[in-house]
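# Descriptive analysis of the structure
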Amino acid sequence: QNGDSESYLKADNFEEFFVKNNKEKIIQIVGVALRGFFTDENESLVEKILNLCINEQYSVQIILANPYSDEVKIQSLGQNKANEEHISNSIMSTYRKFNNAIKKMDLNYDEGVFKCVARPSDILKQKFLLKFSISMPKALVIRAGSNMIITPYQMQREGPSVAPTIIARDADPEGFF
């Protein structure tokens with residue numbers, strides 16, 4: 001995030017964006033692979049999101065492109081990726097990140113290191129959903145309660161591109177996007 005997002009969203013980072021003014025305790029993230037979203041400075045978001053579900057009763061949905069779809073393979077080829085499985089592999093990398101984090105939380109719970117009211121994977125069955133979409137997402141959508149960030153994907157070959165980022169406030173937290 002940069003100074004513009006800080007001034008519009010009144011948040012310094014995604015962790016703060018997820019919880020600030022989110023009385024509904026709903027987080028939704030939609031994207032193709034989200035591999036870049038959950039790396040580098042956002043690497044810790046995976047465990048933080050899961051902890052929000054377990055300890056703060058947040059409801060989180062993460063929707064990725066279907067790694068087995070022809071649309072994903074075509075997109076990989078269209079972007080001149082190394083092979084047609086490139087985007088599929090990125091999607092599965094994100095999927096594994098969350099599954100591995102949940103397994104680690106369960107192991108820590110079993111060893112008495114992680115404290116919560118029940119086994120983390122059991123709590124997450126009710127509060128956390130990671131699934132594949134029917135069609136390829138055309139935008140990165142991040143919703144925290146009634147605030148949304150929408151950035152259309154530039155479905156083109158690699159290289160510089162420009163896409164507007166839309167920031168929506170007071171969106172219906174239960175609404176369709």
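Residues numbered from 1 in each chain as written. Predicted model: local features only at pLDDT ≥ 70, side-chain atom pairs only at ≥ 80, totals over all residues. Heavy atoms only, no water.

### Observations regarding the overall build of the protein
Stated formally: Elements are defined by DSSP. Helices are runs of H or I of four residues or more, strands are runs of E of two residues or more, and each kind is numbered from the N terminus. The cut-offs for exposure are 20% and 50% of the maximum accessible area for each residue type, with area from a 1.4 Å probe on protein chains only; residues under the lower value are buried, those over the upper are exposed, and the others partly exposed. Only the protein chains shown count as cover for residues, and the accessible areas themselves come from Shrake-Rupley with a 1.4 Å probe.
From N to C terminus, the protein includes six helices and six strands. The linear arrangement of helices and strands in the protein, starting from the amino end, is α-α-β-α-β-α-α-α-β-β-β-β. Considering the protein as a whole, with its 177 residues, one finds that 41% of them fall into the buried category. Just so you have it, the protein exposes about 10000 Å², and 51% of that area is on carbon and sulfur atoms.

### Comments concerning the side chain of Asn 22
The following threshold applies: Two N or O atoms form a polar contact when they lie within 3.5 Å of each other; inside protein one atom must be a possible hydrogen donor and the other a possible acceptor, and for residues adjacent in sequence the pair counts only when both atoms belong to side chains.
Checked against the element boundaries, Asn 22 lands in the loop between helix H2 (14-19) and strand E1 (26-30). A relative accessible area of 4% means that Asn 22 is categorised as buried. Engagement of the side chain of Asn 22 in a polar contact is seen with the backbone nitrogen of Gly 145, the distance being 3.3 Å.

### With respect to the pairing of strand E2 (residues 59-64)
Condition: Only when DSSP finds a minimum of two bridges between them are two strands counted as paired.
Pairing of E1 with E2, which is carried by five bridges, proceeds in the parallel orientation. Opposite Gln 28, over in E2, you have Gln 61 as the bridge partner. Where E2 and strand E3 (residues 128-132) come together, five bridges link them in parallel fashion. Note that in E3 the partner of Ile 63 across the bridge is Lys 131.

### What to know about the nonpolar core
Formally: Put simply, a nonpolar core is a bunch of buried Ala, Val, Leu, Ile, Met, Phe, Trp, Tyr and Cys residues held in one set by side-chain atoms that sit within 4.5 Å of each other.
Core analysis: the largest hydrophobic core is formed by 40 residues, its most contacted members being Phe 18, Ile 29, Phe 38, Ile 62 and Phe 128. Breaking this core down by element, the ones donating at least two residues are H2, E1, helix H3 (45-56), E2, helix H5 (86-110), helix H6 (120-127), E3 and strand E4 (139-144). Counting six residues, the second largest nonpolar core, distinct from the first, contains Val 30, Ile 63, Met 148 and Ala 171.

### Concerning the packing of aromatic side chains
Our working definition: Under the pairing criterion, centres of Phe, Tyr and Trp rings, with the six-membered ring standing for Trp, must be within 6.5 Å; the plane angle then separates stacked pairs below 30 degrees from edge-to-face pairs above 60, leaving the rest tilted.
Counted by the stated rule, this structure contains nine aromatic pairs. On the numbers, 6.2 Å between centres and 50 degrees between planes, the contact of Phe 17 with Phe 18 is tilted. A residue is classified by how much of its surface remains accessible, and Phe 17, at 3% relative accessible area, is buried. Among the aromatic residues, ring-to-ring pairing joins Phe 14, Phe 17, Phe 18, Phe 37, Phe 38, Phe 98 and Phe 128 into one connected group.

### Observations regarding the pattern of salt bridges
Inclusion rule: Here a salt bridge means any side-chain nitrogen of Lys or Arg lying within 4 Å of a carboxyl oxygen belonging to Asp or Glu.
Enumeration over the complete set of coordinates arrives at eight salt bridges. Glu 47 is the partner of Lys 104 in a salt bridge, and the nearest nitrogen-oxygen pair spans 3.7 Å. Of this pair, Lys 104 sits in helix H5 while Glu 47 sits in helix H3, and the two are 57 residues apart along the sequence. Lys 104 sits in the partly exposed class, given a relative accessible area of 45%. Sharing partners across several salt bridges, the network here consists of Asp 106, Asp 110 and Arg 119.

### Focus: the sheet that holds strand E6 (residues 166-168)
Quick reminder of the rule: Where helices are involved, their axes are fitted lines through C-alpha atoms of the stretch in contact, as for all axes, and angles between N-to-C directions lie from 0 to 180°. Note on contacts: a residue pair qualifies if any of its non-hydrogen atoms lie within 4.5 Å across the two residues.
Pairing within the open sheet is mixed, and its six strands lie in the order E3-E2-E1-E4-E5-E6. The sheet is open, and its two borders are formed by E3 and E6, each paired with just one other strand. Pairs of neighbouring strands in the sheet enclose a mean axial angle of 10 degrees, with direction left out of account. Bridge count between strand E5 (residues 147-152) and E6: three bridges; the pairing is antiparallel. Of the residues in E6, the one forming a bridge with Ile 150 is Ile 166. Along the sheet, H3 contacts E1, E2 and E3; its crossing angle with E3, the most-contacted strand, is approximately 130 degrees. Sheet strands in contact with H6 are E2 and E3, and its direction is about 70 degrees off that of E3.

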